[in-house]
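# Descriptive structure summary
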Amino acid sequence: MGAGVSAVAKGVPATLQWRDGDLHLLNQTRLPHHIEIERQDSAEQVWQSILQLKVRGAPAIGVAAAYGLCVAVKPSRNLALPDFRNILHQQASYLQSSRPTAVNLAWALQRMLRAATTAHQALDSTELYARLVEEAQRIHAEDIAICNGIGAQGVNLIQSGMGVLTHCNAGALATTGLGTATAPMYLAHQLGVNFKVYADETRPLLQGARLTAWELQSAGINVNLITDNMAASVMARGLIDLVIVGTDRVTANGDVVNKIGTLGVAILAKHFGLPFYVACPSSTIDLATPTGAQVEIEERASDEVTGFGPVRTAPHGMAVVNPAFDVTPHTLVSGLITEHGIISAPFAEGLKRVAMAALQS
Ligand code: MRU
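Described below are features of the structure shown in this document. Quick caveat, the model's predicted, so the values are computed rather than measured.

## Remarks on the state of the cysteines
Under the counting rule described, the total for this entry stands at 0 disulfides. Unpaired in this structure, Cys168 has its nearest cysteine sulfur neighbour in Cys147, at a distance of 15 Å.

## Brief notes about helix H2 (residues 58–73)
One turn of the α-helix equals 3.6 residues, which is why residues spaced by three or four share an orientation. Over its 16 residues, H2 extends 23 Å from the first C-alpha to the last, a length consistent with the 22 Å expected when each residue adds 1.5 Å. For H2, the buried fraction is high: 16 of the 16 residues fall into the buried class.

## Some thoughts on the packing of aromatic side chains
Under the defined criterion, the tally for this structure stands at 2 aromatic pairs. Between the aromatic rings of Trp18 and Tyr67, the centroid separation amounts to 4.9 Å while the plane-to-plane angle is 5 degrees, which identifies the pairing as stacked. In this pair, Trp18 sits in strand S1 (residues 16–19) while Tyr67 sits in helix H2, placing the two residues 49 residues apart along the sequence. Pair check on accessibility: Trp18 and Tyr67 agree, each one buried. Where Trp47 meets Tyr94, the ring centres are 5.8 Å apart and the plane angle is 10 degrees; that geometry is what we call stacked. Remark: Tyr94 occurs in helix H3 (residues 81–96) and Trp47 occurs in helix H1 (residues 43–51); sequence separation between them is 47 residues.

## Topic: the pattern of salt bridges
Applying the stated criterion across every chain yields a total of 12 salt bridges. Residue Lys54 is joined to Glu38 by a salt bridge in which the shortest nitrogen-to-oxygen separation is 3.0 Å. Here Lys54 is found in the loop between H1 and H2, whereas its partner Glu38 is found in strand S3 (residues 37–40), with 16 residues between them in sequence. Since its relative accessible area comes to 17%, Lys54 is described here as buried. For the salt bridge of Arg111 with Glu142, the shortest nitrogen-to-oxygen distance reads 2.6 Å. Here Arg111 is found in helix H4 (residues 103–118), whereas its partner Glu142 is found in helix H5 (residues 125–154), with 31 residues between them in sequence. Relative accessible area serves as the criterion here: at 13%, Arg111 is assigned to the buried category. Residue classification places Glu142 among the partly exposed positions, given a relative accessible area of 31%. A single salt-bridge network, built from bridges that share partners, covers Arg99, Glu298, Arg300 and Glu304.

## Things to note about unusual backbone geometry
For the bond running from Arg203 to Pro204, omega is 5 degrees, close enough to zero to count as cis. Within the secondary structure layout, Pro204 lies in the loop between strand S5 (196–200) and helix H7 (207–218). Although it is not a glycine, Cys168 sits at a positive phi angle of roughly 60 degrees. As for its placement among the helices and strands, Cys168 is situated in the loop between strand S4 (163–166) and helix H6 (183–190). The exposure class assigned to Cys168 is buried, which follows from its relative accessible area of 6%. Look at Thr202: it is not a glycine, yet its phi comes out positive at around 70 degrees. By the element assignment, Thr202 lies in the loop between S5 and H7.

## Some words on H6
Burial within H6 is extensive, with 6 of its 8 residues counted as buried. Turning to H6, the residues buried within the fold contact H5, S4, S5 and H7. Once H6 ends, the next one or two residues include Gly192, with phi positive near 85 degrees.

## Focus: the environment of Thr182
Looking at the element boundaries, Thr182 is found in the loop between S4 and H6. According to the relative accessible area criterion, Thr182 is buried, its value standing at 1%. With near-sequence residues (within four places) excluded, Thr182 lies in contact with Ala170, Gly171, Ala172, Glu215 and Leu216.

What counts as what
- Counting restarts for each chain, with residues numbered from 1 along the sequence as it is written.
- Where local features are concerned, this predicted model is filtered to residues with pLDDT of at least 70; where side-chain atom pairs are given and counted, the filter is 80 or more; whole-chain, interface and lining totals use all residues.
- For side-chain calculations, the full set of non-hydrogen atoms in the structure is used, while hydrogens and water are omitted.
- Cysteine sulfur atoms are paired as a disulfide whenever they fall within 2.5 Å.
- Segments assigned H or I by DSSP are reported as helices when at least four residues long, segments assigned E as strands when at least two residues long, and all are numbered from the N terminus.
- To estimate the expected span of a helix, count its residues, drop one, and scale the result by 1.5 Å.
- The buried label applies to any residue whose accessible area, calculated with a 1.4 Å probe on protein chains only, is under 20% of its type's maximum; exposed applies above 50%, and partly exposed to all values in between.
- Only centres within 6.5 Å qualify two rings of Phe, Tyr or Trp (six-membered ring in Trp) as a pair; their planes then separate them into stacked at under 30 degrees, edge-to-face at over 60, and tilted for everything else.
- The rule for a salt bridge is simple: a side-chain nitrogen of Lys or Arg has to be within 4 Å of a carboxyl oxygen of Asp or Glu.
- By definition in these notes, contact holds between two residues if any of their heavy atoms fall within 4.5 Å.

Structure below.
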């Protein structure tokens, strides 16, 4: 799992690598103008990297947390097994506390703990550590395969001449493969389909401008950057035929939790009669949570809103509301593009079927 370049475009490095027993993360806060790869040496460093969005995007956070747990327990692999297992559980809950909304974080860490529980009881800590690394590598390989599957399921939605709007970055940089929302775009491009992407810049942290626009441009895809408040206007002008976004969590009823601003795009799509699709890896399905109303929405620091990059724009002492995500009700969703097929309403049954298929694959 050491490939240092992304699958999608020359010049776009891999989101993360597990190389020579160490986790290396691409620092996405510095993109696109600075490429910095940082080795992760402790649980605290991984926790900070996730909180600060050095690694971000639901699937990438999941893979980073799985490897991050290996980083966290590596110094304890000479301890007695019961002590090692205690530390493993403590570090998993610590890493899970870094960000609350993307379910992939908890999903990956729970998988790691399950792998430890089902591992043969006669293993010593060093052997159990090796099993954990193998499980993280399996999660990583599955993420790449899931992206390919979403691409294959969604590619026919994109036809020549279309304008496709996307929000935030559900691209290669948000995963370890082709991305989720972008996977159908990369495959359509490879097939020679001539389409245009409109990328919302995604205030406050500009994942659309810094990441999506960059990775699509690097791949040679025709991409236009717009500010978030231009989405209605480009739709009104007839430039958009299709919306595809990613997601951080899809609840049992099909509600979609994604980057702040997604709800507005979905309402606009409904108003203009445009299909609104959500690329949804099985690792992002949360059947344990009935609706989006029960999902904890991360509230981030106020300085992300009171400034633009390093430049202060708002008056000093300004009160701020800064939710990082919103909930799009399932009634606004045309379809969920999963690696096991596109689910349409009613979503509950389809989501159960896909979750089951993922367990069996
Ligand atoms: O705060 P971020 O950058 O982690 O938010 C990312 C998103 O909201 C993405 O759309 C989502 O994680 C899907 S990524 C395939």
